[in-house]
Amino acid sequence: MSRLSSTDTVEAGADADAAKSGAVEAEALLARLSDALGDGLVESHTDQGAVWVRVERDAWADLARFLSDEEGFGFFSFLSAIDWMPSPFGRDMDSFVDNALDPPEPKEPAPTETGVAGGDTRFQLLARVNDVTSGRSIIAKADLPADDLRAPSWVPVYPGADWHEREAWEMFGIDFDGHPGLRHIYLPGEFEGHPLRKDYPLLARRVKPWPGLVDVELMPETDDGGDATEGAAP
Amino acid sequence: MIGVLSELSYWQVTSIRVVAGLVAVLLVAGTLVYAHLFKMVSFMQSRLGPMEAGPYGSLQLMAEIGKFLQKEDIVPRRADRFVFKAAPFVVLTSTFLLLVVLPGGPDAWFISNDLGIYLAMAVSSVSVIGILMAGWGSASKYSLLGGLRATGQLIAYELPLLLAVVGVVIQAETMNLQEIVLAQANGEIFGWGVIGNPFIITQFAGFAIFMIAMQAELTQTPFDMPVAESELVTGYMTEYSGLRFLLFFIGEFATAGVFSAIAAVLFLGGWYVPGLDPADNLFNVIGPLVLFGKVVLLTFLVFWVRFTFPRLREDQLQRLAWKFLVPLALANIVVTGVLKVVV
Amino acid sequence: MTVTERQQLSYIAAQAADARVNLEIETEGMTLNIGPQHPATHGTLRIVAKLDGEQVVAAEPVMGYMHRGYEKLAEVRTYPQVTTLINRIDWLGSFANEVPFILAAERLMEVEAPPRAQWIRTVLFELSRIANITLFLGDMAVQVGAITPVFFAFRDREHVLNQIEAATGGRFHPNFDRIGGLKDDLPAGWVAETRQAMRKIRAFCDEIEELVEGNEIFQARTRGIGVIPPDVGLSYGLTGANIRASGVDWDVRRDSPCGLVHDQVDWKVWTHPDGDSFARFWVRLQETREATKIVDQLLDGIPSGPIMAKVPVIIKVPAGEAYVETENPLGVMGYYVVSKGDLNPFRVKIRSASFSNVSITPWLLRGVYVPDIITILGSLYFILGDIDR
């Protein structure tokens, strides 16, 4: 890495080439993925070299196996989930003190929107793996039906997924088939509920007055500031 | 001293000796704690150490003692109460017993025993029992592991310690510590007797082995697995608080002082300084001070190493003792014996 | 990615230990509970170790004593407020925590910080790396029983913290990074003082090299201990110096730079083939030196210009998803930010380095001795806030 005196034009050209080759590579990878998974691959999305794929829940484990064994994605980055339901709580979940002064309107239920690579259900698994030798990475998603929150475990392929799946289990209530032991990792054993679900209220807000939702104050303009100093002067 | 003491009754002599023993142990321990633990180490670690209690923090130890005395003496519920409570006293007793054989001058001694060094080595092992008692009696897993480690370690290092002394005994032809000092004072190195013959010169291997084994006996770094604070909290001392912890603490430093005194007697000429007549009555006054100076020097080495080196692992420690120190000490004995006969 | 002889030997030893444990007549094992309050676990990590004598049969880390639920809290904070929270994830290198989140938000908003802000950001990023890892270098010595080097570490880390404080106003939690740039410009004279601090850090590295790394006892305690083969490390998600010490030549700063200007300076990614505790220490020591060189070069070339891009006063991030990761002091840290166009992020998944780094411990601690638990944990180098979030 010795680019001490490189000029901008060369840099920009190189970056554009790299981006192009990255895009081509991503297309090729997606093609191989759809060959391997068939209908299991639901949707995909590429953006600035980043690759998102959304697979059927049943293809979740096959995806991991394919990426790890066939494609050399040996590095396991993280596994988590997203609850796409818009939070049903608004300002009415703020503390009693705040609400007494300024009673909030109950929040209108908003439609569920999902992000890149789409989604059909409320809960979506989210994981990322890398290939450190070629610098490729892929973000995988899988829809989980709300009435049957279970997915095949990645632990047999990526042992590092163990703790991440335990976290997803306790935070979202997702069961992982084939996981060696789903038990609490952060929360105490007797904890009830799944805190990262959107319908789990953040009670800290309820019990403690909030110092201010929006702390953005406009910068004092020069003439305003002048007024303030004049007013403050004895 | 003999002259004065012989005119006093038994109980008077005994009380003088008890007071002298207490002073010798506590003063030495206190000085070592202040000079080495508080100050030398602080300077090594780019800090000042205690500065508030007394001039340059010299009364800090008093403050510490006051603090420890005020603390609650906690005994774990499942502990073996008697064993737990007695353990620190056993350790401290071994320190006091060690002191008994130490000569401080031509007449300034507690007992002049013909088996002096033998007695010293024997009573130094008593502290192992105290440590094992502490480890077992605490009913704590950390303490138990620490106690077991300590026992294995102390037993392993008794041997090189003892074997290192044998070289000195062969050369001095006596086991009486007083006579070992005199042998060094009156000795000569191949006919050159200006500084006598401190055995550190002829018995340097023995001295090195003795210091290493002593470091291990004192459970100081790099041999401090029994109290390894990053692994076992403080090993066998984990459950102790207040006065009993203080006893362990004082005992640690007092034992360091007494062991260094034995090393000074064996290898550095004890209370003797070259150039004076060893029979001079002056040595009854300056002898203890000379010995004390040599003790401070040797403990400086001990604590220098302690605060510089990392810690060995238990198996590495045993390997060092059995595979390196013991054979070396045996070779030293053989060489000394052969030279003794030949020269 | 070759496995060295030492790795193989130690792996065989661990396997043999496993086999022996299984074959031996069943003796009553002992369960040792290390932590949550224990001098070796800087923080409140608890390790339940089943022992056979002094040998570990099985070890299971238990965490959550410091779980603060940042992923949930971030959903009710505005984007600028989130940096205050995530500062507390890896509290020794706080500024580095802010950077990937801000970069992710910037990517969603399609704004880019002006060059001067990017350079200063990178300088502060590397300074927090130095502040973090100097403490590791001293702490590792404490883990193996030498208590003096940690004082040197505290002493010299101070020089870096002073510089961070001078620039940002906060020693530990700068909260200085803003979407679109930085809060303030550098104070006058800061560059020269930082250079001086870098010299002191390099002297500190030399000191540690002599005092700790070259020490025979330290080497005896760390060489061949806790060997992680590269493929195992990768599948557990190990990052940073932990994986580079296993010979994987992967550094996000070099391989996928985004928003930081590491590609503008001349530096080297250090790797070590052994994968043991010593290698992890060695790589971190070299990285600290390398970071001082990066800072020195960056200070030479800070471009002039504004430090804030044009961003609205009230920040609403357009809908979208972005994942940005950077090479933080503890390893790769990334934020998966989902925005729905509101003041708040809709979902923030924090990929913290220590969480994955520590997840290898049940595999790694099997068959080692109790003293090696401590060296291995120390060499993996985790911050509790980074595990528990």
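It should be emphasised that the depicted structure is a prediction, and the values quoted were computed from it without experimental measurement. (Residues numbered from 1 in each chain as written. Chains lettered and ligands numbered in written order. Predicted model: local features only at pLDDT ≥ 70, side-chain atom pairs only at ≥ 80, totals over all residues. Heavy atoms only, no water.)

(A) Just the overall build of chain B, in detail. Counting its regular elements, chain B contains 14 helices and zero strands. In sequence order, the secondary structure elements of chain B are arranged as α-α-α-α-α-α-α-α-α-α-α-α-α-α. Here chain B has a C-alpha radius of gyration of 20 Å; the compact-globule value for 343 residues is 20 Å, and the two agree. By principal-axis analysis of the C-alpha atoms, chain B measures approximately 65 × 50 × 45 Å. Counting across all 343 residues of chain B, residues that qualify as buried make up 54%. For chain B, long-range pairs separated by at least 24 residues make up 76% of all intrachain contacts whose partners lie at least 6 apart in sequence. Accessible area for chain B stands at about 14800 Å²; split by element, carbon and sulfur atoms hold 72% of it. Taken together, the 19 basic and 22 acidic charged side chains of chain B have centroids lying 13 Å from each other. (Helix = DSSP H or I, 4+ residues; strand = E, 2+ residues; numbered from the N terminus. Rg over C-alpha atoms; globule rule 2.2 N^0.38 Å. Buried < 20%, exposed > 50% of the residue type's maximum accessible area, 1.4 Å probe, protein only. Contact = heavy atoms within 4.5 Å. Areas by Shrake-Rupley, 256 points an atom, 1.4 Å probe, with all protein chains shown as cover. Lys, Arg positive; Asp, Glu negative; His and termini not counted. Charge placed at Lys NZ, Arg CZ, Asp CG, Glu CD.)

(B) Molecular detail of the overall build of chain A. From N to C terminus, chain A includes six helices and seven strands. Going through the 234 residues of chain A one by one, you find that 41% of them count as buried. Split by element, the accessible area of chain A, about 12200 Å² in all, is 53% carbon and sulfur.

(C) Structural detail: the packing of helix α6 (residues 149-168) of chain C against helix α7 (residues 190-213) of chain C. All names here are of chain C. Relative orientation of the contacting elements α6 and α7 amounts to 165°, with a least axis distance of 10 Å. By the criterion of interaxial angle, the relationship of α6 to α7 is roughly antiparallel. In this structure, α6 meets α7 at a crossing whose hand is left-handed. When α6 is examined against α7, the residues Pro149, Phe152, Ala153, Arg155, Asp156, His159, Val160, Gln163, Ala166 and Ala167 are found in contact with a partner set consisting of Trp190, Glu193, Thr194, Ala197, Met198, Lys200, Ile201, Phe204, Glu207, Ile208, Leu211 and Val212. Its residues placed into classes, the contact of α6 with α7 shows 14 nonpolar, three polar and five charged. (Axes fitted to C-alpha atoms, helices over the stretch in contact; angles between N-to-C directions. Parallel < 35°, antiparallel > 145°, perpendicular 65-115°, else oblique. Left-handed = near helix turned anticlockwise from the far one by under 90°. Nonpolar A, V, L, I, M, F, W, Y, C, P; charged D, E, K, R; others polar.)

(D) Main features of empty space enclosed by the protein. Residue and element names in this part refer to chain B. This structure, assessed with the given rule, holds five cavities of 30 Å³ or more. Volume-wise, the largest cavity comes out at about 220 Å³. What lines the largest cavity is a set of 18 residues, and nearest its centre among them are Val91, Ile131, Glu217, Leu218 and Thr255. Put simply, the parts of the chain that give the lining of the largest cavity at least two residues each are α4 (81-100), α6 (126-137), α7 (141-172) and α12 (242-267). Residue contributions to the lining of the largest cavity peak at five residues, all from α12. Broken down by class, the residue content of the lining of the largest cavity amounts to nine nonpolar, six polar and three charged. (1 Å grid on protein atoms, 1.4 Å probe; cavity = no way out; pocket = protein on both sides within 12 Å on 5 of 7 lines; lining within 4 Å. Points joined across faces, edges and corners; volume = space filled by probe spheres on them.)

(E) Quick look at the packing of aromatic side chains. All names here are of chain C. Applying the stated criterion across every chain, the model contains 32 aromatic pairs over all chains. Judged by centre distance (4.8 Å) and plane angle (45°), the ring pair of Phe136 and Tyr381 falls under tilted. In this pair, Phe136 is assigned in helix α5 (residues 115-143) and Tyr381 in the loop between α15 (370-380) and α16 (384-388), connecting sequence segments 245 residues apart. Grouping residues by exposure puts Phe136 and Tyr381 together as buried. Over the ring of Trp270 we find Lys268; its NZ or CZ atom is 4.6 Å from the centre of that ring. (Phe/Tyr/Trp six-rings, centres within 6.5 Å; stacked < 30°, edge-to-face > 60°. Lys NZ or Arg CZ within 6 Å of the ring centre and 35° of its normal.)

(F) Representation of the interface of chain A and chain C within the structure. Taken together, the 56 residues of chain A in the interface contact 52 residues of chain C. Interface area for chain A against chain C, summed over the two sides, is near 4600 Å², with a carbon-plus-sulfur share of 60%. Taken together, chain A and chain C are joined by six salt bridges. Measuring nitrogen to oxygen at the nearest pair gives 3.1 Å for the salt bridge that ties Lys198 of chain A to Glu75 of chain C. Our enumeration of links across chain A and chain C arrives at 18 residue pairs in polar contact (both at pLDDT 80 or more). Residue assignment for the side of chain A that touches chain C shows that the elements contributing at least two residues are β3 (75-83), β4 (123-131), β5 (136-144) and α4 (161-172) of chain A. The element that contributes the greatest number of residues to the side of chain A that touches chain C is β3 of chain A, accounting for nine residues. The residue inventory of the side of chain A that touches chain C, partitioned by class, reads 33 nonpolar, 11 polar and 12 charged. (Buried area = accessible area lost by both parts, 1.4 Å probe. Salt bridge = Lys/Arg side-chain N within 4 Å of Asp/Glu carboxyl O. Polar contact = N/O pair within 3.5 Å; in protein donor to acceptor, adjacent residues only side chain to side chain.)

(G) Representation of the sheet that holds β5 of chain A within the structure. Residues and elements named next belong to chain A. Pairing within the open sheet is mixed, and its five strands lie in the order β1-β2-β5-β4-β3. Each of the sheet's edge strands pairs with one partner strand only, and the pair in question is β1 (41-47) and β3. Averaged over all pairs of adjacent strands, the angle between their axes in this sheet comes to 20°, without regard to strand direction. In this sheet, β5 lies alongside β4 in antiparallel orientation, the contact comprising nine bridges. Along β5, the bridge assignment pairs Arg128 with Ile139. Its contacts with the sheet place helix α2 (residues 60-70) against β2 (50-55), β3, β4 and β5, and it is angled at close to 170° to β5. The strands touched by α4 are β3 and β4; relative to β3, the strand with the most contacts, the crossing angle is about 5°. (Pairing = 2+ DSSP bridges.)

(H) Spotlight on the pairing of β2 of chain A. Residues and elements named next belong to chain A. In terms of residue burial, β2 counts as a mostly covered element, since six of its six residues are buried. As defined by bridge partners, β1 adjoins β2 across six bridges and the pair is classed as antiparallel. Its bridge partner lying in β2, His45 is registered against Trp52. Judged from the four bridges that link them, β2 and β5 form a sheet pairing that is parallel. Looking at β5, one finds that Arg54 is bridged to Lys141.

(I) Local environment of the interface of chain C and chain B. Facing the 32 residues of chain C at the interface are 23 residues of chain B. Between chain C and chain B, roughly 2500 Å² of surface is buried when both sides are summed, and carbon and sulfur atoms account for 61% of that area. The interface formed by chain C and chain B includes one salt bridge. Here Asp372 of chain C ties to Arg313 of chain B by a salt bridge, and the two come within 3.1 Å at their closest N and O atoms. Counting across the interface, chain C meets chain B through six residue pairs in polar contact (both at pLDDT 80 or more).

(J) Representation of the sheet that holds strand β7 (residues 331-339) of chain C within the structure. All names here are of chain C. Strand order in the open sheet formed by three strands is β6-β7-β8, with antiparallel pairing between adjacent strands. Only two strands of the sheet have a single neighbouring strand rather than two, namely β6 (320-328) and β8 (347-351). Going across the sheet, the axis of each strand differs from the next one's by a mean of 10°, ignoring polarity. Running at roughly 150° to β6, helix α4 (residues 94-109) makes contact with β6, β7 and β8 of the sheet.

(K) Structural detail: α4 of chain B. Residues and elements named next belong to chain B. Between the first and last C-alpha of α4 there are 30 Å, a value that for 20 residues agrees with the 28 Å anticipated at 1.5 Å per step. Along α4, the largest kink reaches about 35° and is centred on Ala87; proline Pro88 follows within four residues of it. Within the span of α4, buried status applies to Val83, Phe84, Ala86, Ala87, Pro88, Val90, Val91, Leu92, Ser94, Thr95, Leu98 and Leu99. Buried residues in α4 make contact with α2 (10-44), α5 (116-124), α6 and α12. (Expected span 1.5 Å × (residues − 1). Bend = angle between axes of the 7 residues up to and from the residue.)

(L) Highlighting unusual backbone geometry. Residue Glu173 of chain B is not a glycine yet carries a positive backbone phi of 60°. Summarising the element assignment, Glu173 of chain B is placed in the loop between α7 and α8 (177-186). Glu173 of chain B gets classed as exposed once you look at its relative accessible area, which sits at 62%. One non-glycine residue, Tyr381 of chain C, lies in the positive phi region at around 50°.

(M) Representation of the environment of Leu161 of chain B. Residue and element names in this part refer to chain B. When you line up the elements, Leu161 lands in helix α7. Classification of Leu161 by relative accessible area gives buried; the value is 0%. Once the C-alpha coordinates of Leu161 and Val326 are considered, the two residues, 165 residues apart in sequence, prove to be 8.9 Å apart.

(N) Spatial organisation of the confidence of the model for chain B. For chain B, per-residue confidence averages 81 on the pLDDT scale, and residues scoring 70 or more make up 94% of the total. In the predicted assembly, ipTM is 0.81 and pTM is 0.81. (pLDDT = per-residue confidence, 0-100.)

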